[in-house]
Every structure is written in structure tokens, then in C-alpha cells.
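Listed here are the chains, written in short residue letters.
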Amino acid sequence: MKIVRSSKEMYGLSGRWKKTGQIISLVPTMGCLHEGHLSLIHNARNASDRVIVSLFVNPMQFSQNEDFDSYPNQFKRDSELIENSGADALFCPPVEEMYSETFQTRITVSKLSRGMCGKDRPGHFDGVATVVTKLFNVTDPDVAVFGQKDFQQLVIIRQLAEDLSYNIKIIGAPIVREKDGLAMSSRNIYLDPEGRKCALCLYEAIQASKNMLRTLGEVAVETLLENTKKIVGRAGAKLEYAVIVNEFTLVPDDYINNHSILALAVKVGDSVRLIDNSKLIA
Ligand code: PAF
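Cut-off values and rules
Residues numbered from 1 in each chain as written. Predicted model: local features only at pLDDT ≥ 70, side-chain atom pairs only at ≥ 80, totals over all residues. Heavy atoms only, no water. Near = heavy atom within 4 Å. Polar contact = N/O pair within 3.5 Å; in protein donor to acceptor, adjacent residues only side chain to side chain. Helix = DSSP H or I, 4+ residues; strand = E, 2+ residues; numbered from the N terminus. Nonpolar A, V, L, I, M, F, W, Y, C, P; charged D, E, K, R; others polar. Axes fitted to C-alpha atoms, helices over the stretch in contact; angles between N-to-C directions. Left-handed = near helix turned anticlockwise from the far one by under 90°. Contact = heavy atoms within 4.5 Å. Expected span 1.5 Å × (residues − 1). Pairing = 2+ DSSP bridges. Salt bridge = Lys/Arg side-chain N within 4 Å of Asp/Glu carboxyl O. Buried < 20%, exposed > 50% of the residue type's maximum accessible area, 1.4 Å probe, protein only. 1 Å grid on protein atoms, 1.4 Å probe; cavity = no way out; pocket = protein on both sides within 12 Å on 5 of 7 lines; lining within 4 Å. Points joined across faces, edges and corners; volume = space filled by probe spheres on them.

A. Layout of the site of the ligand. Near the ligand you find Pro28, Thr29, Met30, Asn58, Gln61, Val128, Val131, Phe146, Asp150 and Gln153, and these make up its full shell. Between Gln61 and the ligand, the recorded distance is 2.6 Å, taken from a side-chain N or O atom to an oxygen atom. The contact in question runs from an oxygen atom of the ligand to an N or O atom on the side chain of Gln153, over 2.7 Å. The set of elements that each furnish at least two residues to the shell around the ligand consists of strand E2 (24-29) and helix H6 (124-139). A per-class count over the shell around the ligand returns five nonpolar, four polar and one charged.

This is the structure we're talking about:
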């Protein structure tokens, strides 16, 4: 596996692969890898001839009160996992390579970035959209793979790719869960044993909604959201939001249909913010 730190070298490598007709995929990550990331790489492998994994903790998507400075750095472990998963290149630029001192451009996917996580994390999705645009430009992939756990991010990136006329197929890979249902996340390592138990409320709320729908056939959106609130409260977590939205537009649904997604964010303890989501009707 080639480790690439400069954009120029990355662009050159990707260009050489393209010239020989190879399909290139990109898996953007911020490191601190878990099984979920490995499944993204696996999806990328299946969809292309060459896999580029990027590892860049993007300062632009963290606000001042977030965990950029303490975001876990496990480069040795991560690069070994990436190599063992069959990636061909690891693009891991230093911050100065991505953001020069005079950097001043921002990509905003306006409507889709406003609600849900965008409300609690102002500027976050501009940071994501900007860095993903740069990663697309530097790696020039045919395919890019993102996790469905960050559902809003996935929808925003699909819109960005369409709006900016990228000829890139965006693949949304299914959420990978622990045995007890907790969605895998780099931030799970912040959970102490009590927090780990409490974090199960996200999955519990999703399962409860699906079960209600299965049993009763029709259930009002408000009833499902009320029940979600109760489950999260009972577990001792703080609900940041729970919404039922259309999976393509993120517009709140008036009634449950085949495209309805329940998405929620909770705070466990003072600082661990976790998200999860699921389609309500399979
Ligand atoms: O999902 C993530 O890990 C990040 O938001 C991404 C897409 C790598 C951009 O920094």
C-alpha cells in the first residue's frame, strides 16, 4: 500500500491508474477505525480496481467546543488495518497541505445542512462538504463510499456530487452494529461502562418504533417520536433531536411511508454525542 501525503503525488497516482482504465474508489475517514470503516473499504473493493482510503482529521468540521484537539490519533494501528483490508493507497495529508494559510473557500449544501445535526453543530456540514470536495478533486475517484450511520452527511454528499457535476457514484454502506445493537462509531471509545449501557437507548428507540409499526400497522409520527423521547429519557441520556424524515430530502414526514427514516442524536454524559438512524419500514 502506498502512503501518500501530498496532493500532487495523490493526483499523479490516481491519474496513472485512470490512464490504464482502472476504476478508482475513495473511502474518506478521520481514522480511529472500527469494523464499520472496514466494511466501507470492503464495499469499495467490490466496486473498483483500486481503493484509496483517506485519513484526515478535518479541523473545519469541528466547532471550538468540540473534540478536535482530543480526537484519537491511532495512525500506526489505522494504517495497518487499512493495508490489511486491501487498500492500494492511504492518503494522509498534513493539515497545511489541505488548508494553506490563505485558504478561504467554503462549500455549503444549504437546505440539507440546516436541520438535524446541522442545528446542533453549526458549520459542521460546510466543513465536511469542503473537505470532501477537496478529496474528490485530489483523488479523482469513480466511486466514493460513505457510511449510512452519518445519514445526513450521506444525503448532503449525494447532493454535492450532483450539484457540482462530479461523475462519481456515491455508495451508502449499511450501518455496522455491535452484537447488542449499538452502531459502531469512533466516539464509542469515550463511553465508560455506564455510558455504554445508556448508549443502547438509540438502538432501543429504533427497534421500539419498528416493532410498533409491525404490530399496529399504522402509527402516527408524533407517537413514535414521543416514545423515542421516553426511551432516551428513561436511559438517562439527553435527546438532542429525534426526527422522522424522507430519506432523500430530509424533509419531515407527516405520516410513515416506505421512505421514512427515524434519525436521532443523543448526548451520553456531558460530552459523548452519538447518532443513529434506520428506515422504519424495511
Ligand atoms: O464521516 C467522516 O468520517 C468525515 O465526516 C469525513 C467524511 C471523512 C469528512 O471528514
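Resuming the write-up.
B. View of the packing of helix H9 (residues 201-216) against helix H10 (residues 221-235). The contact between H9 and H10 brings their axes to 9 Å, and the two run at 150 degrees. Crossing geometry of H9 relative to H10 is assigned as right-handed. Between H9 and H10, the residues in contact are Cys201, Glu204, Ala205, Ala208, Ser209, Met212 and Leu213 and Leu224, Asn227, Thr228, Ile231, Val232, Arg234 and Ala235, respectively. Among the residues forming the contact of H9 with H10, the class breakdown is nine nonpolar, three polar and two charged.

C. The arrangement of H10 in detail. End to end, H10 covers 22 Å across 15 residues, agreeing with the expected 21 Å (1.5 Å per residue, within 8%). In this fold, the buried residues of H10 make contact with H9, strand E7 (238-246) and strand E8 (260-268). Positioned one or two residues after H10, Gly236 has a phi angle of 90 degrees, which is positive.

D. Spatial organisation of the sheet that holds strand E6 (residues 169-173). Pairing is parallel across the open sheet formed by six strands, whose spatial order is E1-E4-E3-E2-E5-E6. Looking at strand neighbours, the two that pair on one side only are strand E1 (2-4) and E6, the edges of this open sheet. With strand direction ignored, the average angle separating the axes of adjacent strands in the sheet is 25 degrees. In terms of strand pairing, E2 meets strand E3 (residues 50-55) through six bridges, oriented parallel.

E. The pattern of salt bridges, seen in detail. Counting across every chain of the model gives 17 salt bridges. A salt bridge links Asp67 to Arg187, with the nearest nitrogen and oxygen atoms 3.1 Å apart. Residue Asp67 is found in the loop between E3 and helix H3 (75-84), and its partner Arg187 is found in the loop between E6 and helix H8 (193-198); the two are separated by 120 residues along the sequence. No difference in accessibility class separates Asp67 from Arg187, as the two residues are buried. Where Arg273 meets Asp120, a salt bridge forms, and the shortest distance between an N and an O atom there is 3.3 Å. Taken together, the positions of Arg273 in strand E9 (residues 272-279) and Asp120 in helix H5 (residues 117-120) put the pair 153 residues apart, joining distant regions of the chain. Residue Asp120 is classed as partly exposed on the basis of its relative accessible area, which comes to 34%. Here the salt bridges share partners, and the residues they tie into one network are Asp120, Glu240, Lys267 and Arg273.

F. A look at empty space enclosed by the protein. Summed over the entire model, instances satisfying the criterion amount to two cavities of 30 Å³ or more. Reported here for the largest cavity is a volume of approximately 60 Å³. Lys149, Leu182, Ala183, Ser185, Asn188, Ala199, Leu202, Tyr203, Leu274, Ile275 and Asp276 are the residues that line the largest cavity. For the lining of the largest cavity, the secondary structure elements donating two or more residues are H9 and E9. Ranked by residues supplied to the lining of the largest cavity, first place goes to E9 with three residues.

Keep in mind these values describe shape, not function.
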